[in-house]
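# Reading the structure
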Amino acid sequence: MGRLRVGCAHGGGGGHGLASPCRARTWATRRAASCGTASPARPLGTVTKELISWMRGHESSVFSISVHASGKYAITTSSDTAQLWDLDTFQRKRKLNILQSVGIQKVFFLPLSNTILSCFRDNSIFAWECDTLSCRYQLPAPPESSSILYKVFAVTRDGRILAAGGKSNHLHLWCLEAKQLFRIIQMPTKVRAIRHLEFLPDSFDAGSNQVLGVLSQDGIMRFVNIQTCKLLFEIGSLDEGISSSVISPHGRYIASIMENGSLNIYSVQALTQEINKPPPPLVKVIEDLPKSKLNSGDLKMKVTTGRVQRPAKSRENRIQTRILKQDLAGSFENKENELSDGLNKKRLQILLKGYGEYPTKYRMFIWRSLLQLPENHTAFSSLEDKGVHVAFLNLQKKYPIKSRKLLRVLQRTLSALAHWSAIFSETPYLPLLAFPFVKLFQNNQLICFEVVATLIINWCQHWFEYFPNPPINILSMIENVLAFHDKELLQHFIDHDITSQLYAWPLLETIFSEVLTREEWLKLFDNVFSNHPSFLLMTVVAYNICSRAPLLNCSLKDDFEYFFHHRNNLDISVVIREVYHLMDTTPTDIHPNSMLHVFVALTKGQYPVFNQYPKFIVDYQTQERERIRNDELDYLRERQMVEDMQAEVDQQRVEDEAWYQKQELLRKAEETRRELLLQEEEKMVQQRQRLASVKRELKVKEMHLQDATRRRFLKLQQDQREMELRRMDDELERKVYMRDREIATTTKDLEMRHLELESQKRLYEKNLIRNQEAVAKEMREDADAFRRKVDLEEHMFHKLIETDQTQNQKTQKLIEEDLAKAEQACLNADWRIQALHKQRCDDLQRNECYHEVARLLRENRRKETEVLNAMTGEEAKKWEEAKEKDFHLKSEKKASALADASRRWFLEKEINDALEDAEHPYSKVSLNQRRIQWDTTERDLMERVRNLRQRLAAQARNRCQMPHLLAT
């Protein structure tokens, strides 16, 4: 991203931006703090080389910077945007918004005006008002026959002519006042593109520069007169081309950076020596341009290098001349009123009396013209290079200014004044006198210094004759004028012991900055700078006269002091009118005009010597201060030497004491270490003895632990066997309880089955005739499905048995391998005997249950026979109940399906458990326990299977007998 480095500049705020008339180009109000961008501008102090601020806003590199003539604003330009900065606060005030397809070529301020010129890549040029940022006008498009894409621009010092060029040998000259293209200059054929344009300033052309420097692609910079279109001179060559070039403000020198990296400085006076020779008489014919629209052929002129061709004189075109005698007095007066920048002082005074103040945007320019500032850059630089004066090193302690920048400028300005004249280093009120101008011109220190110096030379005459006391003579002038115009007010001051040092001197030493606002102060000094130096003294008298009412009401000295050091409700316009009245009505004998000199401007080149003060007093004070400073330096130097010597002695004493202490500590440490060695030897012997006894104790403990571990292991085995026996007893009891519950459940199932048979009988009686074949088919299908289901369950049961047999074989194999231990084998045999005994008891109980179930089945068959015999008689009565029983049949089927799924899940679970047992055999004790549990489970399963078989056989017989009974 681009980085922009600029120096300090003065500035203020602007108005709201308004939309331009075309292409959506607008200046938008933005604050620099609200935009997070990546291309900052960094203002640096030119003297301190310190970073003053960090200006962020551009997203691409900055290639152009333009500063307003007043130093208040600056415009930075990149390829995508232009931004207007306030150089007081270094904050962005406006941003130029453009379309993405339209880039920016350059945005800059016009010299000596309040206009911003913006040039875009589509050759459109807009002029904007700096204060309101409204579009003032747009230049029309150039003729198509000579249309070029503008790349470079230059403006004359008076801001009337704009020169534009690009990739062509044509130059376009625009008249900004008429807003039209008035001339096209064709450069030599060697020129194919123009890289840089700059007008050559001249001290005698009043800003309407006539010579234009054109740097082309071949590295040669040609200087052309834009009026005669003559090539005056050129710098650079094909072998030593120019890369970039700049002209000094006064047009005396040209600095060029060559393509080989060297820096060449050319003297314009030497280059124009031949041109500045007195020319021969020249007759110039001026014709009015036709009012019809001009084409590019009418505007185009070629650059020539020969002598000016003079037309032959003819009788018809003779020019008549007259010699006019001029009034010498009028000429002298006009010459005195003519200012350096082409302004007339009389006209400015007429304008000032009409409007009361100068226009804000032209005020600084008018002040510089009225004060005729020489702008001695070299002389001011020599004063500034001397650095900060010793009298103002601690200025911030006495005047704590919040703005560091303003404090630095004030400090440098006061230092330059002190270096210029020694009196100013001793003047206590100089900061108060200079501060308003420092704040006003803080971004142009040269102008600030020269304004203050001009003010001191002219408006502060005779102020320093009674130094270090106030100017008694000046205060006496004020008192005499006040006595003449308002004796009552002066008598009031005398009655209350109020002297001119209280009612006049505070206003003079602060030049009214404490009692007036900024706008009032500027308005006052518009009049002060436009009149005789006595105007300032008359202003003090007028201020007192216009404030006579509140002053006559004051009686305390503190009230008077407060009044002349604070702002009051007073119209400055009334005061200024009163000043003009006093200037006109004051008698000559007491008028300050007779005692003060007329305005004298600063001299060019070097500043005048200022010695209008009692030199012996200033010199004496300076010598005394220097003597005191030298004595203080000697005292500080001697005190430093004494302190250094004392520090060395103290350090030596401390080092000696530290050495003795160290030796004593070393001796004590040595004795302590000997004692420690003896103690350590005794401890080592004792530790060896304790270690031997500990080893013996550990051996004994180890034997006891081994014996206890063996006993604990035997007890653990016995407890595990007892726990297994209890677990088996619990399992047997649970199995017996489950068997009893199954018998009761079977009994209830048989009773339910009896009810089902009765409902089926009613159903068959109802649907016998219509669904006999369907019922028979359905019963056959049910029988087939039941047989398949029985076969599947039998297969799963046999698979379970085979898996368990395999597991039993593996388990038995493991058990046989472990029979080597006799005690373990006996225990296993006892467990097996007990298990077999319990199995036989269980078999006997199961046999009794089977007989009971068989009895119940026989009773059921008998009841079924009775039911079948009664079915024929009950057929007609049960047709209504058949529909209800059909619903019960469906419920039964669902219950049967759930029972089948439960049995299937049980068998699959047992098979999975058996497979897991086969993959992960238990330990010896666990295998025995598993075998006992399996035997019990096997008996339960066998019992359940037999019960199921009997129930299924009975159901099958009933279903087979049902059709026969129905047929009977």
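Residues numbered from 1 in each chain as written. Predicted model: local features only at pLDDT ≥ 70, side-chain atom pairs only at ≥ 80, totals over all residues. Heavy atoms only, no water.

### Remarks on the environment of Asp729
Residue position: Asp729 is located in helix 20 (residues 615-767). The class for Asp729 is partly exposed, based on a relative accessible area of 33%. Considering only alpha carbons, one finds Asp729 and Ala835, 106 residues apart in sequence, at a separation of 10.0 Å. (Helix = DSSP H or I, 4+ residues; strand = E, 2+ residues; numbered from the N terminus. Buried < 20%, exposed > 50% of the residue type's maximum accessible area, 1.4 Å probe, protein only.)

### As for the pairing of strand 5 (residues 73-78)
Strand 5 sits mainly inside the fold: 6 of its 6 residues count as buried. Here strand 5 shows no split at all, with Tyr73, Ile75 and Thr77 on one side and Ala74, Thr76 and Ser78 on the other all buried. Taken together, the 5 bridges between strand 5 and strand 6 (residues 82-86) define a ladder with antiparallel strand orientation. Across the sheet, residue Tyr73 finds its bridge partner in strand 6, namely Asp86. Linking two consecutive strands that pair antiparallel, namely strand 5 and strand 6, is a turn of 3 residues. (Pairing = 2+ DSSP bridges.)

### Focus on the sheet that holds strand 17 (residues 211-216)
Strands sit in the order 16-17-18-19 across an open sheet of 4 strands; the sheet is antiparallel. In this open sheet, the two edge strands, each paired with only one partner strand, are strand 16 (194-200) and strand 19 (231-235). Each strand axis lies, on average, 20 degrees off the axis of its neighbour in the sheet, ignoring direction. Note that strand 18 (residues 221-225) and strand 19 share 4 bridges and pair antiparallel. Bridge assignment links Met221 to a residue of strand 19, and that residue is Ile235. (Axes fitted to C-alpha atoms, helices over the stretch in contact; angles between N-to-C directions.)

### Some details on the sheet that holds strand 20 (residues 242-247)
Spatial strand order, 20-21-22: 3 strands in an open sheet with antiparallel pairing. Edge positions in the sheet fall to strand 20 and strand 22 (263-267), since each has one partner strand and no second. Neighbour-to-neighbour, the strand axes of the sheet open up by a mean angle of 20 degrees, direction not taken into account. Pairing between strand 20 and strand 21 (residues 253-258): 5 bridges, direction antiparallel. Bridge assignment links Ser244 to a residue of strand 21, and that residue is Ile257.

### Thoughts on the pattern of salt bridges
With the rule as written, the count across this model stands at 27 salt bridges. Notably, a salt bridge pairs Glu129 with Arg136, separated by 3.7 Å at the nearest N-O pair. With a relative accessible area of 13%, Glu129 lands in the buried category. Glu756 is the salt-bridge partner of Arg753, the closest N and O atoms lying 2.7 Å from each other. Here Arg753 pairs with Glu756, and both are found in helix 20, just 3 residues apart, close to one helical turn. In terms of burial, Arg753 and Glu756 fall into one category: buried. If you follow the salt bridges from partner to partner, you end up with Glu129, Arg136 and Lys361 in one network. (Salt bridge = Lys/Arg side-chain N within 4 Å of Asp/Glu carboxyl O.)

### Here's the deal with a nonpolar patch on the surface
Nonpolar side chains collect at one region of the surface, where Tyr253, Ile257, Leu263 and Ile265 lie side by side and expose about 440 Å² of accessible area between them. As for its position among the elements, Tyr253 is in strand 21. Classification of Tyr253 as partly exposed rests on a relative accessible area of 48%. (Patch = residues over 30% accessible without salt bridge, like charges linked within 9 Å, V, L, I, M, F, W, Y side chains within 5 Å. Areas by Shrake-Rupley, 256 points an atom, 1.4 Å probe, with all protein chains shown as cover.)

### What to know about the confidence of the model for the protein
Do not read the predicted coordinates in detail wherever pLDDT is low. Chain-level pLDDT for the protein is 77 on average; 78% of the residues reach the 70-or-more range. Scored below 50 in pLDDT, residues 1-25 shows 104 contacts in the model against residues more than four places distant or in partner chains. In this model residues 921-927 is a low-confidence stretch, pLDDT under 50, and it forms 10 contacts with partners more than four residues away in sequence or in other chains. (pLDDT = per-residue confidence, 0-100. Contact = heavy atoms within 4.5 Å.)

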